[in-house]
Amino acid sequence: MSMIKLLAKRLAYALGLILAVLSINFALIHAAPGDPAMVIAGEMGGADQTTLDQIRKTYGLDRPLTDQYITYITRAAQGDLGQSYLYNQPVTDLILQRLPATVLLVLSALLTAIAVGTMVGVWASRRPHSVGSGAVTVLSLVGYSMPTFWTGILLVILFGKIIPIMPIAGMRDVRIYGGWWVTSLDVLHHLILPAFTLAIVYMAQYSRLSRASMLEVLSSDYIRTARAKGLAERLVIWKHALRNALMPVVTIAGLQFGNLVSGAVLVETVFSWPGLGTLAFDSILGRDYPTLLGVLFFSSVLVIVANQVTDLTYRWIDPRLRSR
Amino acid sequence: MNATALSSPTSLSDPTPGSRPAQAPGPLLEVENLSVEFDTRKGVARVLESVSFALNRGQTLGLVGESGCGKSMTALAIMRLIPNPPGRITAGQVRFEGTDLLSLSDPAMREIRGNRVSMIFQEPMTSLNPVYTVGEQIAEAVRLHQRLDRRAAHARAIEMLEQVGIPAARTRVDEYPHQFSGGMRQRVMIAMALACNPGVLIADEPTTALDVTVQAQIFDLISDLRSRTGTAVVLITHDMGAIAEMTDRVAVMYAGRIVEEGTVAEVLEHPLHPYTQGLIACAPGRRTAAHGEPLEEIPGTVPSLLERRGGCAFADRCRHVLPRCRLDLPAETQFDGGQRRVLCWLHAEGGS
Amino acid sequence: MSPSSAPSNTASGATAPAEPSSSRPGADAGAPAPMVIEVLSPSREAWSVFRKNKAAMLGLVMLAGVILAMVFGPTLYPVAPFDISGAPFTEPFVNPALPLGSDYLGRDILAGMAVGGRATLLVGLTAAAITVSIGLTVGALAGYFGGWVDEALSRLTEVFQVMPSLLFAMVLMTLFDPSLTTAIIAIGMVTWTGTARLARAEFMRLRKLEYVNAARALGAGSVRLMLREILPNAAPPLIVSATLIIGVAILFEAGLSFLGLSDPNVMSWGLMIGANRKYVLDAWWAVTFPGLAIFATVLAVSLVGDGLNDALNPKMHLR
């Protein structure tokens, strides 16, 4: 199947998923106990009778459910996810403001986890029964079991009180201003701790996985062939073995994007990182349901996009999948 | 030694100029007293004991025996591909063109591997890396050993594919292993092994995993290539028919030792060692078993390589066993000035 | 002649020593020493592998300790966790009345830990049960029946998988009233997709095996086939997965209560950490100890899960 047809197919599929998520959102609004108008307005007390009536009219809450559904979907397709009465802005705008911060956090965590995890795993696979390899197993079990928010808090204590060399809150230091380069460095400086915290659980998993995968690959016949050709061990490992060993890691990593976003909510809360997670948390505190649902929806879209990218990456890595 | 884009295609028999040293006198490959041990959970297994044989230029030597007798291990030892824990070469020399391969440094040995001495393996389905094209895998060897650039190496890969009989080589060179059948993959392996014009090709059971019809094709291919390039071949197999057709000399292995060696005609017509006799009698189609009668078999199984009792390892299964056989390892008896050997008390001078 | 005698596999619980090969005296070459092989039932065998795994046994011991502490803790240390027991911000190991110190309100940390475990464990186990039930049912049906059933269920799984689990749970806890029951259901509803995927793969694989066809030829219906033939063989990876899901559920509950989304009247370790979040730099003990408890519990569960994995799904190391 040609690349265009493939992409088109995937796009259609993704849109189908997005529609399904929207439908669930819709169902949630109406399945929740209480008046949907209240849900849409949020319960922060700014909803007086006039506002509620207005909402009822705008969203057609007196009309049959199917009509409402269609209205809801149509609005969403145009980018209208409702209005946040807490922040007095359209939900979509709010989310788009915060989206980049979360994407930055999640992507850096993911890439760090894959890079570090794979390196450690490959290193451990070269010395299968050594102390180092055992240490990797122990450390990865420990890393896997630590609650993300707790790790974050410990790091806050460490760098807040004991070794204050890194910022523990926020994304920017307001005292620093300058050109693009200076700003970026500042953001990066603030990114280190949250990204690392988020990445820990996944580093743990990927190092175990890549070690096991590497061990299996290293005992396969084509590695023996590569050695029989006279290739240096370095080439055998990094060119021939690694690409095959990486495939399970990519698969798992792709499937975990949703978990990463979930973890980001906790990490953002701990480090006051101004992303979708803190937005979600604040909207819960403020009973701002449209925003909350908007965040759920948008993060689902993120995951859908990530899944498609993973699928394409996977096809690129493994030629055997390309003829489909 | 840099060869850039070649204006005239090099055929198989023309080595890249300057890459082959002056030919040393004597046999091309000489294995002497090679012994290999393996650490297992239950103890140390002696998988090869004092294996010796010689291979001359252009010759084909067959190495035959049951599973586990050490034939593959011999090949891996020659290539120094034995995984170092848990295995190790404990004694012996492997002289290739006069140089002992076992004493070479790792980089020096890597120069030899895949270049002057090549090996192909038994399972073509899994012996090629699934994520690289066959052309890339062949070209890799050529680039490494012959220092060709990418274009020249790619051209050489196409040429090799043609030589091994893969149709539409120009297109197929950029395809992946999963797009080839088992027989085709084995051809690719052969192409890869011969790409640098090695002096010796070791073929470890190249057809065992293939269909019968394909087996014949692969053997034909090897024969054909061999006669065109003059490559010496060590053919490891348990197929006596292949031995009869393809080899000049044959060595029979049992429990890690060579128990008989000689020209193919002599060994097949007049086998000296009882094990060899049994092997030949077992092969279906031989005159010994009349049609409709049960096939001959050698009773018992190969003894464990962990505990070596004294005496001949075949003693428990031998129909001509003597009391002496269980006590002392037979001395090697040689005939024809060393051209014919057997490890058996029945043929020892002065043996009863 | 030295025949190797292979013992027959007894699937029931009996242990049957194999006949030793005959030993011959003297200088006979080639006869191996007599071997007695004990054949155990699969579950006994798995247990013996598990027992030898030191890490797994450690996990089991830790888990037992945690459970004992949870059951008997509040009785042995009968301090109400929500009560003001002393001065706020008391450091740990200083005041014997507040062994682990107090939090920003003056509540006893040790009391909180003693009682908090119950909610954690209750929610963790129950939610895990729901997760596995939903996931197993969906996956089994999809894997076994294939066709449009598989398509429909797989799409459903994917829709749920796409929504980030914590966010989804947060929405559920916000829209519906935040009780422990809601938390349990919410966690169950958002984490079942992994189990479903695993169950589907297993059932698909096993459905194609010969013995299933044989049973079907004998007239077994679908449900019976799924329950009696396939499920027991799909059990090992599912058991391992279920164990690890318990850890996930515990972490999930901790996260929800950390964010203040769970029942505020039920003490839990996550709640303690969340409540004291603003004061971490002043009262490190108020967040460190509860977190340690969560960590230890999840670690214990992970160790056990790992041990089960090694015991139930042995990988043969051939080369």
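All figures in this text were calculated on a predicted structure; none of them were measured in a lab.

Chemist: A description of the packing of helix H6 (residues 182–194) of chain B against helix H7 (residues 212–229) of chain B should follow, citing residues and the corresponding values.
Modeler: Two packed helices can be described by the angle between their axes and the distance between those axes. Residue and element names in this part refer to chain B. The geometry of H6 relative to H7 is characterised by a closest axis approach of 10 Å and an angle of 15° between their N-to-C directions. If you check the angle between H6 and H7, you find them roughly parallel. In the crossing of H6 with H7, the sense of the turn from one axis to the other is right-handed. Contact residues: Gly182, Gly183, Gln186, Arg187, Ile190 and Leu194 in H6; Val214, Gln217, Ile218, Leu221, Ile222 and Leu225 in H7. Among the residues forming the contact of H6 with H7, the class breakdown is seven nonpolar, four polar and one charged.

Chemist: Account for the nonpolar core, with residues named and values stated.
Modeler: Counting 161 residues, the largest nonpolar core has Leu105(A), Ala280(A), Leu167(C), Ala169(C), Met170(C) and Ala249(C) as the members making the most contacts within it. With 17 residues, helix H8 (residues 222–258) of chain C is the largest single contributor of residues to this core. Excluding residues within four positions of it along the chain, Ala249(C) makes contact with Val123(C), Gly124(C), Ala127(C), Ala128(C), Thr131(C), Ile187(C) and Thr191(C). Membership of the second largest hydrophobic core comes to 100 residues, among which are Leu76(B), Val200(B), Ala242(B) and Cys344(B).

Chemist: Which residues make up helix H8 (residues 180–218) of chain A, and what values go with them?
Modeler: Over its 39 residues, H8(A) extends only 46 Å from the first C-alpha to the last, a length that falls short of the 57 Å expected when each residue adds 1.5 Å. Largest kink in H8(A): about 40°, centred on Ile200(A).

Chemist: For the confidence of the model for chain C, give the residues involved together with the corresponding values.
Modeler: Note: predicted coordinates in regions of low pLDDT should not be interpreted at a detailed level. Residue and element names in this part refer to chain C. Looking at chain C as a whole, the pLDDT averages 80, with 84% of positions reaching at least 70. Between the elements of chain C, mean pLDDT differs from a low of 72, seen in helix H7 (residues 210–217), to a high of 91, seen in helix H4 (residues 147–162). Throughout residues 1–31 the model reports pLDDT below 50, and contacts reaching past four residues in sequence, or to other chains, amount to 48 contacts. ipTM for the predicted complex: 0.87, alongside a pTM of 0.81.

Chemist: Can you lay out the interface of chain C and chain A for me, pointing to particular residues and giving the numbers?
Modeler: With 34 residues of chain C in contact, the opposing surface of chain A contributes 38 residues. For the side of chain C that touches chain A, the secondary-structure elements that each account for two or more residues are H4, helix H5 (165–175), H8 and helix H10 (284–312) of chain C. Ranked by the residues each element gives to the side of chain C that touches chain A, the list is headed by H10(C), at nine residues. A class-by-class count of the residues in the side of chain C that touches chain A yields 25 nonpolar, seven polar and two charged.

Chemist: Describe the environment of Gly65(B), listing the residues and the values that go with them.
Modeler: All names here are of chain B. Residue placement: Gly65 occurs in the loop between strand E3 (60–64) and helix H1 (71–78). Residue Gly65 is classed as buried on the basis of its 25 C-beta neighbours within 10 Å. Considering only alpha carbons, one finds Gly65 and Ala139, 74 residues apart in sequence, at a separation of 35 Å. Every residue in contact with Gly65, bar those within four places of it in the chain, is listed here: Lys71, His238, Val252, Met253 and Tyr254.

Chemist: Lay out the environment of Pro107(B) in plain terms, naming residues and giving numbers.
Modeler: Positionally, Pro107(B) belongs in helix H2 (residues 106–112). Sequence-wise, Pro107(B) and Ile166(B) are 59 residues apart; in three dimensions their C-alpha atoms are separated by 33 Å.

Chemist: I'd like a description of the sheet that holds strand E5 (residues 99–100) of chain B, backed by residues and values.
Modeler: Residues and elements named next belong to chain B. Here four strands make up an open sheet; going across it, the order is E2-E1-E4-E5 and the pairing antiparallel. At either end of the open sheet lies a strand with only one pairing partner, and these are strand E2 (43–55) and E5. In the sheet, strand E1 (residues 29–40) pairs with strand E4 (residues 87–96) via eight bridges, with the strands oriented antiparallel. Within E4, the residue paired with Ser35 across the bridge is Ala91.

Chemist: Before we move on, could you go through the environment of Ala331(B) and cite the residues and values that matter?
Modeler: Counting through the fold element by element, Ala331(B) comes out in the loop between helix H11 (323–327) and strand E11 (333–335). Taking the C-alpha atoms as reference, Ala331(B) lies 43 Å from Gly182(B); in sequence the two are 149 residues apart.

Chemist: Explain helix H4 (residues 150–163) of chain B to me, using residue names and the numbers behind them.
Modeler: The periodicity of an α-helix, 3.6 residues per turn, causes residues three or four places apart in sequence to face the same way. Residue and element names in this part refer to chain B. In a regular helix each residue adds 1.5 Å, so 14 residues correspond to 20 Å; H4 covers 20 Å between its end C-alpha atoms and thus fits that length. A large share of H4 lies buried, amounting to 10 of its 14 residues. Taken together, the buried residues of H4 touch helix H3 (134–146), helix H5 (169–172) and H6. Two residues or fewer after H4 comes Gly165, characterised by a positive phi angle close to 85°.

Analysis parameters
Residues numbered from 1 in each chain as written. Chains lettered and ligands numbered in written order. Predicted model: local features only at pLDDT ≥ 70, side-chain atom pairs only at ≥ 80, totals over all residues. Axes fitted to C-alpha atoms, helices over the stretch in contact; angles between N-to-C directions. Helix = DSSP H or I, 4+ residues; strand = E, 2+ residues; numbered from the N terminus. Parallel < 35°, antiparallel > 145°, perpendicular 65-115°, else oblique. Left-handed = near helix turned anticlockwise from the far one by under 90°. Contact = placed C-beta atoms within 7 Å. Nonpolar A, V, L, I, M, F, W, Y, C, P; charged D, E, K, R; others polar. Core = buried A, V, L, I, M, F, W, Y, C linked by C-beta atoms within 7 Å. Buried ≥ 20, exposed ≤ 12 C-beta atoms within 10 Å, placed from the backbone. Expected span 1.5 Å × (residues − 1). Bend = angle between axes of the 7 residues up to and from the residue. pLDDT = per-residue confidence, 0-100. Pairing = 2+ DSSP bridges.

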